[in-house]
Amino acid sequence: MASSSSSSWSRTWRYRVFTSFHGPDVRKTFLSHLRKQFSYNGISMFDDQSIERSQTISPALTGAIKESRISIVVLSKNYASSRWCLDELLEILKCREDIGQIVMTVFYEVDPSDVRKQTGEFGIAFNETCEGKTKEKIQKWSKALNDVGNIAGEHFFNWDNESKMIEKIARDVSNKLNATISWDFEDMVGIEAHLQKMQSLLHLDYEDGAMIVGIYGPAGIGKTTIARALHSRLSSSFQLTCFMENIRGSYNSGLDEYGLKLRLQEQLLSKVLNQDGIRINHLGAIPERLCDQKVLIILDDVEDLQQLEALANETNWFGPGSRIIVTTEDQELLEQHDINNKYHVDFPTREEACKIFCTYAFRRSFAPYGFEKLAERVTWLCSNLPLGLRVMGSTLRGKKEDDWEGILRRLENSLDRKIDGVLRVGYDHLCEDDQFLYLLIAFFFNYVDDDHVKAMLVEDSLDVKLGLKTLAYKSLIQISAEGNIVMHKLLQRVGREAIQRQEPTQRRILIDAREICDVLRYGKGTSNVSGISFDTSDISEVTISDDAFKRLHDLRFLKVTKSRYDGKYRMNIPAEIEFPCLLRLLHWEAYPSKCLPPTFNPEFLVELNMQGSQLEHLWSGTQPLRNLKNMNLRGSTNLKELPDLTNATNLEDLNLNSCESLVEIPSSFSHLHKLKKLWMSYCINLQVIPAHMNLVSLELVTMTGCSRFRKIPVISTHINYLDIAHNTEFEVVHASIALWCRLHYLNMSYNENFMGLTHLPMSLTQLILRYSDIERIPDCIKALHQLFSLDLTGCRRLASLPELPGSLLDLEAEDCESLETVFSPLHTPRAHLNFTNCFKLGGQARRAIIRRRSEFIGKALLPGREVPAEFDHRAKGNSLTIILNGYRPSYDFIQFLVCVVISPNQEITKISNSSTLLCHTNGYIFPSYEEEYIGAVSKCRKEHLFIFRSGYYLNVDPSGASREIVFEFSSKSQDFDIIECGVKIWTAQSIERGYLVFEDDNEIKHDDHTNRVRGHYKASNVDYKSVSRKRPRKTDLKLEIPRRRF
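For every chain, the first residue of the written sequence is number 1, and numbering continues from 1 onward in sequence order. Only residues with pLDDT of at least 70 are given local features in this predicted model, and only at 80 or more are side-chain atom pairs given and counted; all residues enter the totals for whole chains, interfaces and linings. Computation of side-chain values covers all heavy atoms of the structure but excludes hydrogens and water.

Student: Outline unusual backbone geometry, supporting the account with residue identities and numerical values.
Tutor: Here the bond from Ser-824 into Pro-825 is cis, since omega is 5°, no more than 30 degrees from zero. Strands are runs of DSSP state E lasting at least 2 residues, helices are runs of H or I lasting at least 4, and numbering of each runs from the N terminus. One can find Pro-825 in the loop between strand E29 (821-822) and strand E30 (832-834). Located in the positive-phi region is Asn-837, a residue other than glycine, with phi close to 65°. Residue placement: Asn-837 occurs in the loop between E30 and helix H26 (843-850). Residue Asn-837 is classed as buried on the basis of its relative accessible area of 2%. Think of it in three bands: residues with accessible area under 20% of the maximum for their type are buried, residues over 50% are exposed, and the middle band is partly exposed, with areas taken using a 1.4 Å probe on protein chains only.

Quick look at the structure:
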């Protein structure tokens, strides 16, 4: 039903209602009154009086059924006496199944059981109609009556007043018509993906019991929109439906808990039963009224457990098949109510976000010419939040480009009122401690891991662990699996607005640049200030007095940044300035002094971030540094020496990148036993690193561009990530590297003097040697059973490849211009082999690459101008047809090895790293569109072969007539031409062995030691100068395969 209902979205209905009835029973009574009520309610109903009755339904009547949104079947005593009515019923139920038509029933002076079972007077009339009809026809009619009898509807005998029943029917029809999804949601970006995921969680085919499902996520993400679309799509499948919106706002401080629950139950029953003013005096009313009803209820924006307890405390309150959908920002609330089926609404992708904005701003899915950059800017400012995109799109619609600039500048500094009104609700409902933690994250700890935040606040009165959990549950922050805290950009601005609403003397965090300037210049700060976040972008000069921080006794977080650099900036800091002694965060970018003041006390410091500073040294002597965990001096180009770090025994991350004046790492580093990451890239004058420190916790070391080292310094044998690229003096790797049993990533790219390797650790997973002068790869590489990536791009002296490990997934050998041989056979079944521009590859190497035993993900790209002889079905151009005359395999899956000759399209000069081949197949196999990623075809200087494995399910023709398989290949981005194509089909022998068998395999012998091939194989002598670059005319080659078992 879900798929058929979704197909009804985009239909335009000619009639609102079609009514199927037996005229003599109801036309002059019930039907005439129903038609009058529909007319009063503005509901159009098809009028059949002009249609002449015949033995079969007329096309006009069939068309009317298909063009009606709702069909009402009025089942009376003599309904089944009419072939016309029964055939109408068949057509109605077909439309219900095919196009999601809503079907309603009225049992008029007849019992539903008699309709289902064809008994009583109704059954007598049916049996008379069936006389002389075929058994198939009778079965169809009988099944249709049973199905329609199971559709809950209005029962005439349950009503004392027919007019009231008709009013109820009209209200129900109106509600169902209002629930259509076609106009409200069909063009909404990404809505279909959300609905499909939700429908899989709802398990709509489970009818034995009721189920509660939760939708959670941050404010403005689209939870209510998804719930409304679900209600619109699914309501026709339920007896009763209800959408209770904004339950958060239903709280009434004048009621106690019991009174609030009574009020909520009254609201729900009034909505679901479509009766105003329902009053109840106990909390058992919902199960009493709904326990036998299949209901769909949406509880939107729930914020309190009491609301759930009042409205859906137990699933047995509702009839079998019922679904209750709860939307909330609070994930913990769902867990507390044991709602295990939950759907987290993620942010849209950048592309989807841009479409959402453009839909509201331009009424189309893309920005017009001249507005592309502005649309991208809005998307970035809103950080992909649908609410922000919608509001800003509506605000900017029809505005001129100049107006956009002003509005966007305003958005950079403050929130739109509508956005703020929605987002600030979550902040306002936090307790005071959680609000303070929220603000700390917004201005100091966004994109920081949770352990770091806990260390920052370890001596604070805040319960940080509980606070972070609360913020995450309420969707105000996200905490990744790695522990990184992320707060959305617009929620950060909610924090800014919250601080600005506070009285200046009550602010614990200062963020206004002008206010901070006054505090630093005139010492106006108060003792309750805990944090200063100072963006100096709009300040041309900052003057700091000697006693700027004397009154800020409780200042623990000081952050000075410049988000926009315009070159006009002066910072005047006195030499005798005294920093607060309780500082835990000192983040001061472009610090202008040569050293920190002599009174600086880092005893409580957890993070020191002085990136881009003018510092030459930090402090003298040994300082108490037991709390220091992070130290960032990146880009401090004048830094000549590091301080004594003997007491920094908890330091975990040290960033010295681009400290160009640094010459030596001090011996005190040997005490940094908790150091995990050491960044030293582009320390171009660094020469001395203490030997044999063997730091046990060290995981990552970067020395890119440290050009003074000729060999790898042994800092620690425990590291798992080592980057020593762009080192012009680097020559050798000591054999002891084989003992580095944790090393996974090794990058030695762009080292011009590096000649080769002799040993490698068994733990290696990625080895990068791009553009080095390496001449050979050590044979020990075959034993690296965890290696999945080997990058040899631009190794112009490399002449041969040894045996490679079977674990390899990616081999990059582009521009290895001396490469001639590879080990044969190649045991890399899952690898993507890239031999772009390796024009010296010999016949042995080409044969090894083509004939390697590959799995479905294995591919290869190598030079070549024609399809090799191994492919016994070949054709010029981009298509190939294989005819299977009288052949019918005994299996339903057929496998191929495919080869296409590709040539870069010279008309497209843009270099792309993501060329994709499209493969369309048809005929004897089921139609299929397949995409195969090739790589950067634009880098191919001449024609290349792209080889991949594929397989398709057979579309068996039972007639046994001549069958054919058609392959058609094309470029997804038109960035290359297809010169030739070829296919080799797996034989039964190949399938049995699990790899592709070639006819001459037994004649070819391999010498594993010399890597030479003996036998009848001869490589093609390719003359690349004669290759045409023009796109060839499309041709087909038809080949006949003799009758034989594959």
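From this point on, the discussion continues.
Student: Provide a residue-level description of the sheet that holds strand E2 (residues 68-75), including the pertinent values.
Tutor: Remark on secondary structure: sheet strands pair via backbone hydrogen bonds, oriented parallel or antiparallel. Across the sheet, which stays open at both edges, the four strands sit in the order E1-E2-E3-E4 with parallel pairing between neighbours. Looking at strand neighbours, the two that pair on one side only are strand E1 (15-20) and strand E4 (154-155), the edges of this open sheet. Pairing between strands is defined by DSSP: at least two bridges between them are needed. Pairing between E2 and strand E3 (residues 102-107): six bridges, direction parallel. Looking at E3, one finds that Val-74 is bridged to Val-106. Along the sheet face, helix H2 (residues 23-40) touches E1, E2 and E3 and points at about 150° away from the line of E2. For this analysis, residues touch if any pair of their heavy atoms sits within 4.5 Å. For helices, the axis comes from a line fit to the C-alpha atoms of the stretch in contact; other axes are also lines fit to C-alpha atoms, and the angle between any two N-to-C directions lies between 0 and 180 degrees.

Student: Lay out the packing of helix H20 (residues 417-428) against helix H24 (residues 489-501) with the relevant residues and their values.
Tutor: At a closest axis distance of 9 Å, the pairing of H20 and H24 adopts a crossing angle of 80°. Here H20 lies roughly perpendicular to H24, going by the angle between them. Residues Ile-419, Asp-420, Leu-423, Arg-424, Tyr-427 and Asp-428 of H20 lie in contact with H24, whose contacting residues are Leu-490, Leu-491, Val-494, Glu-497, Ala-498 and Arg-501. Classes in brief: Ala, Val, Leu, Ile, Met, Phe, Trp, Tyr, Cys and Pro nonpolar; Asp, Glu, Lys and Arg charged; the others, Gly included, polar. Its residues assigned to classes, the contact of H20 with H24 comprises seven nonpolar, no polar and five charged. Just so you know how the angles are binned, under 35 degrees is roughly parallel, over 145 roughly antiparallel, 65 to 115 roughly perpendicular, and the rest oblique.

Student: Run through the sheet that holds strand E5 (residues 211-216), naming residues and quoting values.
Tutor: Spatially, E6-E7-E8-E5-E9 is the arrangement adopted by the five strands of the open sheet, whose pairing is parallel. The open sheet terminates on both sides in strands that have one partner only, identified here as strand E6 (240-244) and strand E9 (342-344). Adjacent strand axes in the sheet meet at a mean angle of 10° when their direction is disregarded. Pairing of E5 with strand E8 (residues 323-328), which is carried by six bridges, proceeds in the parallel orientation. Of the residues in E8, the one forming a bridge with Gly-214 is Val-326. With respect to the sheet, helix H10 (residues 191-202) is in contact with E5, E8 and E9, its orientation differing from that of E5 by roughly 150°. Across the sheet, helix H12 (residues 257-272) lies against E6 and strand E7 (295-299), angled at about 130° from E6, the strand it touches most.

Student: Can you break down the packing of aromatic side chains residue by residue, with the values?
Tutor: Stacked, tilted and edge-to-face are the three classes assigned to paired rings of Phe, Tyr and Trp, where Trp is represented by its six-membered ring and a pair needs centres within 6.5 Å; plane angles under 30 degrees give stacked, over 60 edge-to-face, the rest tilted. For the coordinates displayed, the defined rule picks out 24 aromatic pairs. With 5.7 Å between their ring centres and 40° between their planes, Phe-444 and Phe-557 make a pair best called tilted. Residue Phe-444 is located in helix H21 (residues 432-445), and its partner Phe-557 is located in strand E15 (residues 557-561); the two are separated by 113 residues in the primary sequence. Of the aromatic side chains, those joined through ring pairs into one cluster are Phe-549, Phe-579, Trp-588, Tyr-591, Phe-600 and Trp-619. Should the NZ of a Lys or the CZ of an Arg lie within 6 Å of a ring centre and within 35 degrees of the ring normal, that charge is described as sitting over the ring. Cation over ring: Arg-228 sits above Phe-243, and NZ or CZ is 4.2 Å from the ring centre. Across from the ring centre of Phe-436, 3.6 Å away, lies the NZ or CZ of Arg-508, which sits over that ring.

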